[in-house]
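Architecture and fold: a report
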Amino acid sequence: MSTQPVAHADEIAWFGETFTTIVDAVGAALVGKERVVQLSVACLAAGGHLLLEDVPGTGKTSLARSLAGAVRGSHQRIQFTPDLLPSDVTGASIYDPKAQAFEFRRGPVFANIVLADEINRASPKTQSSLLEVMEEGRVTVDGTTHSVPSPFMVIATQNPIEQAGTYRLPEAQLDRFLMKTAIGYPDAEATIGVLSGLAIRDRAGAVNPVIDGTQVLRMRQVARSVHVSRALLEFTQTVAERSREHRHVRLGLSVRGLLGYVHAAKAWAAGQGRNYVVPDDLKELAVPVMQHRMLLDADAQFDGVTILDVIDELFDAIPMPAAAER
């Protein structure tokens, strides 16, 4: 069992209040989508990256902008297109004739929250330029390493409908996103609420900061100290192992994905005001964490089996341990 100190009650109380404050602030811009906002804030608190796959006009850009505004962070938007170059993302060394030396000009990736809009429209070479920075938090250009601001988070979007002229994200890059989710259309009541507030032209831009980057880093530190029982750790390991052995799965949950699952569960538990993870936390996050990391075989697609079906089958087949605080 881990000997790492468990977060104190006052730290968890602060985390829970801060979590709710951020969710409320971002939720003012993304009306009727509380769960998506909660997942996004949990992803930020866990130190992960978020992939949004949805149809146009559902608020993907607004989510990224409002989250950056709520945490008083710098925000950059990169519109991925087929002609985008890696240097357009990371930056490049430019020769300065006066100094007679090369000077590094930072690209838009040097921000606290980076929106990679329609990431699957760029070439694989440009997509891969995000790999190092998403994993390591740094960019290497001409042999020199440059660290990005901290905290750092990438929110990438892709359109599942218009696939002409797009490049599918490789599994190695998908695995670097802690969660994948969709915003979806708001319900009737939320839609009417949006329409009644047409006078507010830019809801995302109207979000006021509620915390700063230092507090985000503190949230990540508190989340890491949330307790996970050995029984729950064994359960997640079994889920990962069974996912790799499943008859319809070509690619199961990786070790990186398993680590991310536990980190996400810790942040989610802290957001609910607990310093320990319970089974419901794992159930709540199973789809956002696992769905983009598992690859089905051709037989599954022919039989009409989906990733969600496989995840449900895994959780039904593996006994969930009883909840335990310590």
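Scroll up to find the structure this text is about.
Residues numbered from 1 in each chain as written. Predicted model: local features only at pLDDT ≥ 70, side-chain atom pairs only at ≥ 80, totals over all residues. Heavy atoms only, no water.

So, the overall build of the chain
Helices and strands together make up the secondary structure of the chain, namely 13 helices and 11 strands. Scaling as 2.2 N^0.38, a compact globule of 326 residues should have a C-alpha radius of gyration of about 20 Å, and the chain matches this with 20 Å. Considering only C-alpha atoms, the chain reaches an extent of 70 × 50 × 50 Å along its principal axes. A burial count over the chain gives 50% of its 326 residues as buried. Across the chain, the fraction of contacts at a sequence separation of at least 24, relative to all contacts at a separation of at least 6, is 78%. (Helix = DSSP H or I, 4+ residues; strand = E, 2+ residues; numbered from the N terminus. Rg over C-alpha atoms; globule rule 2.2 N^0.38 Å. Buried < 20%, exposed > 50% of the residue type's maximum accessible area, 1.4 Å probe, protein only. Contact = heavy atoms within 4.5 Å.)

Observations regarding the side chain of His49
Relative to the elements of secondary structure, His49 occurs in the loop between helix H2 (34-45) and strand E1 (50-53). Under the relative-accessibility criterion, His49 is labelled buried at 4%. A distance of 2.8 Å separates the side chain of His49 from the backbone oxygen of Met134, its partner in a polar contact. Setting aside chain neighbours within four positions, we find His49 in contact with Cys43, Met134, Phe152, Met153, Val154, Arg176, Phe177, Leu178 and Met179. (Polar contact = N/O pair within 3.5 Å; in protein donor to acceptor, adjacent residues only side chain to side chain.)

What about the pairing of strand E3 (residues 91-96)?
When a strand is regular, its side chains alternate between the sheet's two faces. Across 6 bridges, E3 lies against strand E4 (residues 101-106) in antiparallel orientation. Within the sheet, the bridge partner assigned to Ala92 lies in E4 and is Arg105. Connecting E3 to the antiparallel partner E4 that follows it, the hairpin turn spans 4 residues, and Gln100 within it adopts a positive phi of roughly 50°. (Pairing = 2+ DSSP bridges.)

Section: the environment of Ala298
Inspection of the secondary structure assignment puts Ala298 in helix H12 (residues 298-303). In this structure Ala298 comes out as exposed when scored by relative accessible area, which is 57%. Taking the C-alpha atoms as reference, Ala298 lies 54 Å from Asp96; in sequence the two are 202 residues apart.

So, helix H3 (residues 60-70)
Of all 11 residues in H3, 8 are buried; the element is thus mostly enclosed. Buried-residue contacts for H3 involve helix H1 (9-27), H2, E1, strand E2 (75-79), strand E5 (113-117) and strand E8 (153-158). Of the residues trailing H3, Arg72 is marked for its positive phi of about 50°.

Comments concerning the nonpolar core
Generally speaking, soluble globular proteins have nonpolar side chains that are buried together. Counting 72 residues, the largest nonpolar core has Met179 and Met290 as the members making the most contacts within it. With 9 residues, helix H10 (residues 255-271) is the single largest residue contributor to this core. Non-local contacts of Met290, meaning those with residues more than four positions away in its chain, are made with Val239, Leu253, Tyr261, Ile311, Leu314 and Phe315. (Core = buried A, V, L, I, M, F, W, Y, C linked by side-chain atoms within 4.5 Å.)

So, the pattern of salt bridges
The tally for this structure, following the rule as stated, stands at 13 salt bridges. With a shortest N-O distance of 2.7 Å, Arg293 and Asp175 are connected by a salt bridge. You can see Arg293 sitting in the loop between helix H11 (279-290) and strand E11 (295-296) and its partner Asp175 sitting in the loop between helix H6 (171-174) and strand E9 (179-181), a full 118 residues away along the chain. Owing to a relative accessible area of 6%, Arg293 belongs among the buried residues under this scheme. One network of salt bridges, in which partners are shared, links Glu135, Asp175, Arg176, Arg256 and Arg293. (Salt bridge = Lys/Arg side-chain N within 4 Å of Asp/Glu carboxyl O.)

Remarks on the sheet that holds E8
Strand order in this open sheet of 5 strands is E2-E5-E8-E1-E9, and the pairing throughout is parallel. The open sheet is flanked by E2 and E9, the only strands paired with a single partner. Averaged over neighbouring strand pairs, the angle between their axes works out to 15° when direction is ignored. (Axes fitted to C-alpha atoms, helices over the stretch in contact; angles between N-to-C directions.)

Some details on helix H9 (residues 230-245)
Between the first and last C-alpha of H9 there are 23 Å, a value that for 16 residues agrees with the 22 Å anticipated at 1.5 Å per step. Looking at H9, one finds that the buried residues are Leu232, Phe235, Thr236, Val239, Ala240 and Ser243. What you see down the axis of H9 is that its buried residues fit within an arc of 135°, all on one side. Within H9, the exposed residues directed more than 90 degrees away from the buried face are Arg230 and Glu245. Packed against the buried residues of H9 are strand E10 (249-251), H10, H11 and helix H13 (307-317). (Expected span 1.5 Å × (residues − 1). Arc of directions from axis to C-beta.)

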